[in-house]
Amino acid sequence: MTHRFRSLIAASALLPAFVLTACGEAPPAEPEPLSEAALAAVSEDAGAPKDQLARQVDDLFTMEGIGETRAVLILADGKIAAERYSEGYDADTKFISWSMAKTVTGVLIGMLVADGLLSVGEPAPVPMWQRSGDPRADITLNHLLQMRAGLRHTEAGDPPYESSEVRMLFLDGRDDMAKWAKEQPLEAEPGERFEYSSNSTVILADIAARALTDSDDPEARRLAVTDYLEERLFSPLGMTSIVPEFDASGTLIGGSLMHATTRDWAKFGEFMRANGRAPGGEQLVPRRWIEAMIDPSPTAPQYGYQTWLNRPLGQDSKEVGHPLFPGRAPASLFALIGHMGQYVLVSPEQRVTMVRLGHSTSDERPGMLQQAADVIALYPQR
């Protein structure tokens, strides 16, 4: 055997290591040890591998580029699997809902429908729309619930103070928000297209108040809605922390302003997962109403009644990005979603409810959502 041949054999034996080194590849780095806070956040009966869950939850608090996570709570089969807060927040902190409140308003309407005080398919009971020749007379409660009323409600404006939401909440509409929202003209045929609208939800809240009292006195309207929600929904669910806000006319700001602890937001998610039942077994709203809330709209498969769905966007959708993560979780997953990254994610097939509260910009939310999807993915479908 020649010297050259022996050299070739020796070189070939070393080839794999050489190639790895040349390509700059290295064995995967060992993950950083989990902190005590990360491990302590996960319960012994988590319903998922404890270390994996602790790490995925920890990433929500520590990853760069996904915003500030202030609270995470995961319920598996109705039991706390993980709960963690960032510095300055705890289990007693009341977090603002932003648009998560819309789903609560949707349930309020459902209870009134079940009581025979409202009807989904009939024209919405808004007196100013019933005048002769007013095309808004064709708007139904169903249209308002599915965000397809056709009213000129532009949720986001440029500049921001031109948006319908900002004008209603903080500028010329703030003292009587429902009146301002109802006065807007049509820009599309009722039922024709989806347009997300906090104004539409405030109209629903006004309709609820008028179904409960004939009085125009702001305090009487506020009390009628507060007492109804407390007796029929919040008290049976044990949501003792929730504080709904009202405008100067006594209308529930049902599209954006409710405050509650993380655990109370989780209780509401579990109520939805249980198809409208309270923990004690009482049916607070008919099961068929919850089914309607999570049934895709004909003009927006990602939306039901005041509730977001984990369904792909429709072919004609003008939405930029998806507010959830279709393909990474069951299509049956649905959510309450609020401004700047407030989420109650409910996956009936996985028997999981997850709350994530914090502050994430529009650029940060996609990454944060994928991390939340990683948490959900630890739970099997059943």
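Residues numbered from 1 in each chain as written. Predicted model: local features only at pLDDT ≥ 70, side-chain atom pairs only at ≥ 80, totals over all residues. Heavy atoms only, no water.

Chemist: Sorry, what's going on with the sheet that holds strand β1 (residues 68-76) here?
Modeler: The strands making up a sheet associate through hydrogen bonds between their backbones, and the pairing can be parallel or antiparallel. Spatial ordering of the open sheet is given by β2-β1-β9-β8-β7-β6, a layout of 6 strands whose pairing is antiparallel. One side of each edge strand has no neighbouring strand; the edge strands of this open sheet are β2 (79-85) and β6 (308-309). Across 5 bridges, the pairing between strand β7 (residues 334-338) and strand β8 (residues 342-347) is antiparallel. Directly across from Gly338, in β8, lies its bridge partner Gln342. Here helix α4 (residues 50-62) sits on the sheet and contacts β1, β2 and β9 (352-359); the angle it forms with β1, its principal contact strand, is near 150 degrees. (Pairing = 2+ DSSP bridges. Helix = DSSP H or I, 4+ residues; strand = E, 2+ residues; numbered from the N terminus. Contact = heavy atoms within 4.5 Å. Axes fitted to C-alpha atoms, helices over the stretch in contact; angles between N-to-C directions.)

Chemist: What should I look at first to understand the packing of aromatic side chains in this one?
Modeler: Under the defined criterion, the tally for this structure stands at 8 aromatic pairs. Their ring planes at 25 degrees and their centres at 5.7 Å tell us that Tyr89 and Phe95 sit as a pair that is stacked. With centroids separated by 5.3 Å and ring planes inclined at 50 degrees, the aromatic side chains of Phe194 and Tyr303 adopt a geometry described as tilted. Of this pair, Phe194 sits in the loop between α8 (177-183) and α9 (198-212) while Tyr303 sits in the loop between α12 (287-293) and β6, and the two are 109 residues apart along the sequence. Classification of Phe194 by relative accessible area gives buried; the value is 13%. In textbook terms, an aromatic cluster arises when at least three aromatic residues are bridged by ring pairs, as seen for Phe194, Tyr196, Tyr303 and Trp308. (Phe/Tyr/Trp six-rings, centres within 6.5 Å; stacked < 30°, edge-to-face > 60°. Buried < 20%, exposed > 50% of the residue type's maximum accessible area, 1.4 Å probe, protein only.)

Chemist: Just to check I follow, could you spell out unusual backbone geometry for this structure?
Modeler: If a residue is not glycine, its phi is most likely negative; likewise, a peptide bond is most likely trans. The backbone of Trp98 sits at a positive phi, close to 45 degrees, despite the residue not being glycine. Looking at where Trp98 falls in the secondary structure, it is placed in the loop between β3 (95-96) and α5 (101-114). The phi angle at Asn275 is positive, at roughly 60 degrees, despite the residue not being glycine. Within the fold, Asn275 resides in the loop between α11 (262-273) and α12.

Chemist: It is not clear to me how the nonpolar core should be interpreted in this structure. Could you clarify?
Modeler: Note on soluble globular proteins: their nonpolar side chains tend to be buried together. Residues Leu108, Leu144, Leu233, Trp265, Phe268 and Phe271 are the most contacted members of the largest nonpolar core, which totals 70 residues. Apart from residues lying up to four places away in sequence, Leu233 is in contact with Val104, Val107, Met111, Tyr228, Phe268, Phe271 and Leu284. Counting 40 residues, the second largest nonpolar core, distinct from the first, contains Ala48, Leu53, Ile74 and Phe194. (Core = buried A, V, L, I, M, F, W, Y, C linked by side-chain atoms within 4.5 Å.)

Chemist: Looking at this structure, how should I read empty space enclosed by the protein?
Modeler: To find leftover empty space, a probe the size of one water molecule is rolled over the atoms. In the structure shown here, the tally under the stated rule is 2 cavities of 30 Å³ or more. Within this model, the largest cavity holds a volume of roughly 50 Å³. Met147, Arg148, Ala149, Gly150, Leu151, His153, Glu195, Ser197 and Ser200 are the residues that line the largest cavity. Here the residues of the lining of the largest cavity sort into 3 nonpolar, 4 polar and 2 charged. If you add up the space inside the second largest cavity, you get close to 30 Å³. (1 Å grid on protein atoms, 1.4 Å probe; cavity = no way out; pocket = protein on both sides within 12 Å on 5 of 7 lines; lining within 4 Å. Points joined across faces, edges and corners; volume = space filled by probe spheres on them. Nonpolar A, V, L, I, M, F, W, Y, C, P; charged D, E, K, R; others polar.)

Chemist: Teacher, can you tell me more about the pattern of salt bridges here?
Modeler: Where charged atoms of side chains with opposite charge meet at close range, the side chains can pair. Tallying each qualifying case throughout the model produces 22 salt bridges. Among the salt bridges present, the one from Asp206 reaches Arg210, with a minimum N-O distance of 3.1 Å. One end of the pair is Asp206 and the other is Arg210, both in helix α9 and 4 residues apart, which spans about a single turn. Glu291 is the partner of Arg287 in a salt bridge, and the nearest nitrogen-oxygen pair spans 3.1 Å. Note that Arg287 and Glu291 are positioned in helix α12 at a spacing of 4 residues, about one turn of the helix. Residue Arg287 is classed as partly exposed on the basis of its relative accessible area of 43%. Assessed through its relative accessible area of 40%, Glu291 is described here as partly exposed. Ionic contacts of the salt-bridge type, sharing partners, join the residues Lys182, Asp206, Arg210, Asp216 and Arg221 into one network. (Salt bridge = Lys/Arg side-chain N within 4 Å of Asp/Glu carboxyl O.)

Chemist: Honestly, the layout of surface pockets in this entry has me stumped. Any pointers?
Modeler: Computed from the structure, the second largest pocket encloses a volume of approximately 200 Å³. As for the second largest pocket, its lining consists of Leu75, Gly78, Leu237, Lys267, Glu270, Phe271, Arg273, Ala274, Arg277, Ala278, Pro279 and Gly281. Tallying contributions element by element places α11 first for the lining of the second largest pocket, with 4 residues. For the lining of the second largest pocket, the class distribution of residues is 6 nonpolar, 2 polar and 4 charged.

Chemist: Quick question: what am I supposed to make of the environment of Leu141 here?
Modeler: Mapped onto the fold, Leu141 is located in helix α6 (residues 141-145). C-alpha of Leu141 to C-alpha of Ala124: the two residues are 17 residues apart in sequence and 4.9 Å apart in space.

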